[in-house]
Structures are given as C-alpha cells and as structure tokens.
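Here are the chains, one letter per residue:
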Amino acid sequence: MSATTYRTCPRSGLQFEASAEKLMIINAVTAVVALLVGGILAIGVVLTRWPAVHWLDADTFYMVLTAHGIDMLIFWIIFFEVAVLYFCSSTLLRCRLATPKLAWAAYVLMLVGAVMNNVAVFQGGSSVMMTSYVPMMASSWFYLGLILFAVGALIACFIFFGTLVIAKRDKTYQGSVPLVTFGAITAAIIAVFTITSGAIILIPTWLMSLGVVQSVDALVYRTIWWAFGHSSQQINVAAHISIWYAVAAIAFGAKPMSERVSRMAFLLYILFLQLASAHHLLADPGVSTAWKVVNTSYFMYFAVLASMIHGLTIPGAIEVAQRAKGYNNGLFEWLRKAPWGNPVFSGMFIALIGFGFLGGISGVMMGTEQLNMIIHNTIYVPGHFHATVVVGTTLSFMALTYFLIPVLFRREMIAPTLAKWQPYLFGFSMYFFCLVMMGAGTLGVSRRHWDMAFSGAAMAYEWPGAAYLMMGLVGMSGVAAIAGGAIYIYVTVGSLLWGKKLDQGAVSEKFTPIPPTAPTVVAQSYGSAGFTAPGTFALAMVFLVAFVLYYFVNWKYLSTLWGLA
Amino acid sequence: MSAPHTPQEDDPDEPIPFMQQLLDNPFLLLFLGVMVPMVVYTLWGVIDILSVPLAR
C-alpha cells in the first residue's frame, strides 16, 4: 500500500485522507466552474423567454439552452456528486480511498468529456437540447464527450464501492455504515444504472453520427435515453437527501428518528426510483399502458413514499435534537430557535421544504398518466425540475459547500453576511420562478420554445394575458435567482482565493488514528432518536393537505378540458 | 415510542436479520438496483416498442 497521511480537521473532527481530500477538492471546484458556466448561460435563457426582452436570436438561444441544460444537469451535479461520494466513503468511514490514481484518471476523463461536449455545442452544430433525440444529429464530438464523461463517472462510482470494501476490510467502522454513507451508496447504485443506460444508447448514436450505424430507432432511443436523463436526477435526490441527514447531524447532532425506517426508505429508492423515468413517455404511443401504469404509478409510488419518509424523518430528527436541548415550548419553538443565520442549515431547510412542496407534489401530479396530458411538454416541466434539481439539489450542495469551506478547503469564509442571505435570495427566488413557470405551463406555454408568440407563423395562437405576465415573472425571478447563484460563486471562489488560511490540524500516518469526534460524531455513527416530534407531524399534515388539494384541483382542471356527453 | 437504539445494545450472539444482511451488502443492493429497473423499465419498454407491427 502506498504511503498516505490522514489530517484531522480541528473544526469538524473529520479525518481526511490526503489523496481523497485532493480529489474531493478538484471535483468540487470543477463542479463550481460548471455551475458558473451554466449560470452565465442561464442569463441568456431567462432573458430570451421573458417576452418583453426576448434577447437572443433563435439559433443562439437553442445553443445556449442546450449548453445550460447539460452543464447544470450533468456536469455541475455529477462532478459535485463524485466529491460527495469520496467524502461519504473515505472521510465518513475514516479510511483511504481505493485506487487514487484511477480516481484521477476518472476525473481527467470526466473533464475532457465535459470540455469536448461544451466545445461541440458552442461550435453551433449541436443545438439538440440535452435530450438530443434522434434522428436530429449533433456533432460526433458532442456524443463522444458525453460518453467519456459517463465512463469517468462510472469509474468514480466503482472507486466509491472499492473504498467501502477497504473500510470493511480494515474495520474502520462497526456494524452498519452510517446512514449518510448508506444514502451515498443509494446514489452510487442509481448512478451505475443511469450511466450504463446512457452508454447503451449514446454509443450507437455516436456511431450513427459517424455514419457507422445507419439508424437508431427514435422510440427505443427515447426510452433508454430517459433511463439516463431522468435517473441522473434521481442520483441527485439520493445525494441531496444524504446531505440533509449529514447537515442535521452536523448542525444539531441529530440522530435519525429511526435508522431502520430511513434505510428502508433508501432501499425503496434503490428498487423503484429509476422507474420514474417513464413519466417522460406518457404521451408516447409505442409503449403499452400496462408499462406506463406499472412504472409511473404502482412502483413509483413506493419511491414517493420513501421521499415522504425522508421529508418527515429529517425535520423530525432535528426537532427531537432541539427538544432535547430544551426547546420544548409549543409545537414550533424548536424550529424558531434553529440557526437560521447559518447558511448550512438555512440552505438545507429551504431546499427540503421547496423540494417537497414544489418539486415533490408537482412530480407526483405529472407522473399520473391522465394529469400528465394537461402539462406534457409545457414549461410546467422545467418548473417542476427546477424545484427538484435547483431548489432541492443545487441549494443543498450550496449549503454543504458553506460547511466544507473551512473544513475541506481550510479557508475562512469571506463575506459571511452575504453568505447568510444567499440561501434566502436564491431559494425564495427559485420558489417563485418554479411557481410561475408551472402557472404558465398550466396555461399551455411550451417548454424550450424561442418565441411563445409564434410571431409570423401561419397559425398564431392568442395566449391569455396571464401567460405573458407569468413568463415576464419567470424572467424577473430568474434574474434574481442568478444573482443568488452569483453570490454563491463569489463567496466560494473568493474564499478559496482570498480567505484566511486556517489551521489544517494534526496530520498522522496512522490508519484511523481517532474515533469519531464532535460535531460530526452522529454523521459517522449508527443510532436512532425516536419519534417524539409533534411539530414535524403537524407540518406533515400541512403537506398532506396541500398534496391532496393540489391533486384534486388538477383532476378538476382536467375534467373541464374535455366536456363529456 | 421506540427507545433510542444502538448496535452496542444488541446481543452479539443474536443472528443478523435478513433485511439487515441485505442492507449491509452494497453489492447485492447494486445488483438489485440495476436489475429491477433494467427489467421493469428498459427491457419491458423495448419489448413493447419492438412488438409494434411495422406499417406496410
């Protein structure tokens, strides 16, 4: 075994192995660069879809939208997730990373793939959207870039699994892995299915772009591509829920309400979450009704149940921990006295509420075959997935970054006041952005379209004024959210560049020289807290009522669209 | 209400329940997590599409 060192962070009690730490830093920094590029592109998207501004010409808009989608949904998220996987294995299990040289090779493959894909898009011949449906062809470099990236990410997943083997072999933990690591295992498993699906369909499409393969069936492409395209967002769900458990453990010392229940919820994700991909094909004629119903209803509801369990047990765990500290007055003193000025907590909690109420409820509505017809391919769909991926995942990753700046990057955070407000600006403007997008989508406004007015078209459509109003509000709230994202980039990159260097802590060549230490001891161990959380159960009832009402309203709306004789 | 529970309180001679064995085996979980959607979503979906009669 090659010599390595272990650094014990004096601020968190976490132990970082040297090679794992470097890999976490490089993957996280690259992720933030992808976020920066995607964020700049977002300006072009929102200022073009804002009808009164309508900034970019059509060709540039479609190019910018393609790059924005891939940079945000694939590169930003998966680079960060690789850092999270290494953190949840090597750091939380206090062992060395498996095959660090191979991990560097995986990183280089991912970086080369990401750059290659971006260059292909910006050359202008690959404005095929993130979905890149055949037979519309992009440059072969577009597909090759995605394939290289996917291979690198797949290698990173197996390095994560290899690190689990090392930790078990070296007995760096007792019993079961910590729940946060179990959540990361869930994310990695979904990632393996996702990336394999991507390879299955993108390799023949790449060969088609080279002229080696004559054709790829459009329906088969759509079916398998969505096993990649949607499941990649399910990796995010598992990853950001793991982060929520980690933040609850770190900020409050909160143990899960029940380890067994939370692990069973993750198991439901492993088995059923990927099947939600089918809701993209609810309007497709080639797949059977039985396939649609089984995938998007019976089985996907197990995954929805799992999300609701996490949505209950994470705030519940925080409530139990707060009540143990004496915050017992009324239903919500525990919540009022939470550290709302700490962006690690506020970011996580705003993400949790937005993900559940906006992303979760709208996702279940969209996954219902009949209701899907109301909003299929409208801007409601990006409204939904900005609530899950941006409010849920991106804001959670931002919150974790604020924890990692002093712990992993060993820098004092610059502009703490800006950082304190950033989750509120970014989170609440995204809440509003998603709501008005979903409102416009309910009125039928198309997703992805350069000009909702269809100016000059032979068959123009007269939108109600509310549609234009809501698209204007999409533009305004989008600009506010971009400002929130810019503050995050400024604080994180600025802290790395100009933040005061912090003590790195003791460095040892010994294997696992310390036991888990406060304040992260709960994140590194096993144990349940119990179910005494009346405030959380009250919040869960509010969620349930909102869920039922929204579901009912959409069925009512559907019933008004086609009169029955 | 269930009491807080840690593995240290368990009897070391007690057999490990099946579900815990499953949850503690990441490679078995990996197999299930890939196979279930591969069969229920991908394979079934592709068979559905390939079963559509060709237009004449």
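Being a predicted model, the structure only gives us computed values, none of them experimental.

All names here are of chain A. Counting 207 residues, the largest nonpolar core has Trp-76 and Met-348 as its most contacted members. If one sorts the elements of this core by residue count, helix α2 (residues 58-91) sits on top with 22 residues. The contacts of Met-348, once residues within four sequence positions are left out, are Trp-244, Val-247, Ile-314, Ile-318, Pro-343 and Ala-399. Listed in part, the seven residues of the second largest apolar core include Ala-276, Met-300, Val-304 and Phe-547.

Moving on: the pattern of salt bridges. Residue and element names in this part refer to chain A. Scanning the model with the defined rule gives seven salt bridges over all chains in all. Between Asp-170 and Arg-169 there is a salt bridge, and its shortest N-O distance comes to 3.1 Å. A relative accessible area of 26% places Asp-170 in the partly exposed class. Residues Glu-259 and Arg-263 are paired through a salt bridge, measuring 2.8 Å at the closest nitrogen-oxygen approach. You can see Glu-259 and its partner Arg-263 sitting in helix α8 (residues 259-272), four residues apart, about one turn around the helix.

With that settled, consider the confidence of the model for chain A. Atomic detail in the predicted coordinates should be set aside for any region of low pLDDT. Of the residues in chain A, 96% reach a pLDDT of 70 or more, and the chain-wide mean stands at 93. Considering each helix and strand of chain A separately, the mean pLDDT is smallest for strand β3 (residues 506-508) of chain A, with a value of 83, and largest for helix α3 (residues 100-122) of chain A, with 98.

Let us look at helix α15 (residues 416-442) of chain A. Residues and elements named next belong to chain A. Helix length check: α15, at 27 residues, gives a terminal C-alpha distance of 40 Å against a target of 39 Å (1.5 Å per residue), a fit within 8%. Its axis deflected by about 30° at Gln-422, α15 carries its strongest bend there, up to four residues before the proline Pro-423. After α15 finishes, the residue Gly-444 shows a positive phi value of roughly 105°.

A few words now on the sheet that holds strand β1 (residues 6-8) of chain A. All names here are of chain A. The sheet built from three strands is open, its strands ordered β2-β1-β3 with antiparallel pairing. Only two strands of the sheet have a single partner each, and these edge strands are β2 (15-17) and β3. Ignoring strand direction, the axes of neighbouring strands in this sheet form an average angle of 25°. Two strands pair when backbone bridges link them, and β1 and β3 are joined in this way by three bridges, in the antiparallel orientation. Bridge pairing links Arg-7 to Val-507 in β3. Helix α1 (residues 18-49) contacts β1 and β2 of the sheet and is inclined by roughly 90° relative to β2.

The rules we used
- Residues numbered from 1 in each chain as written.
- Chains lettered and ligands numbered in written order.
- Predicted model: local features only at pLDDT ≥ 70, side-chain atom pairs only at ≥ 80, totals over all residues.
- Heavy atoms only, no water.
- Core = buried A, V, L, I, M, F, W, Y, C linked by side-chain atoms within 4.5 Å.
- Buried < 20%, exposed > 50% of the residue type's maximum accessible area, 1.4 Å probe, protein only.
- Helix = DSSP H or I, 4+ residues; strand = E, 2+ residues; numbered from the N terminus.
- Contact = heavy atoms within 4.5 Å.
- Salt bridge = Lys/Arg side-chain N within 4 Å of Asp/Glu carboxyl O.
- pLDDT = per-residue confidence, 0-100.
- Expected span 1.5 Å × (residues − 1).
- Bend = angle between axes of the 7 residues up to and from the residue.
- Pairing = 2+ DSSP bridges.
- Axes fitted to C-alpha atoms, helices over the stretch in contact; angles between N-to-C directions.

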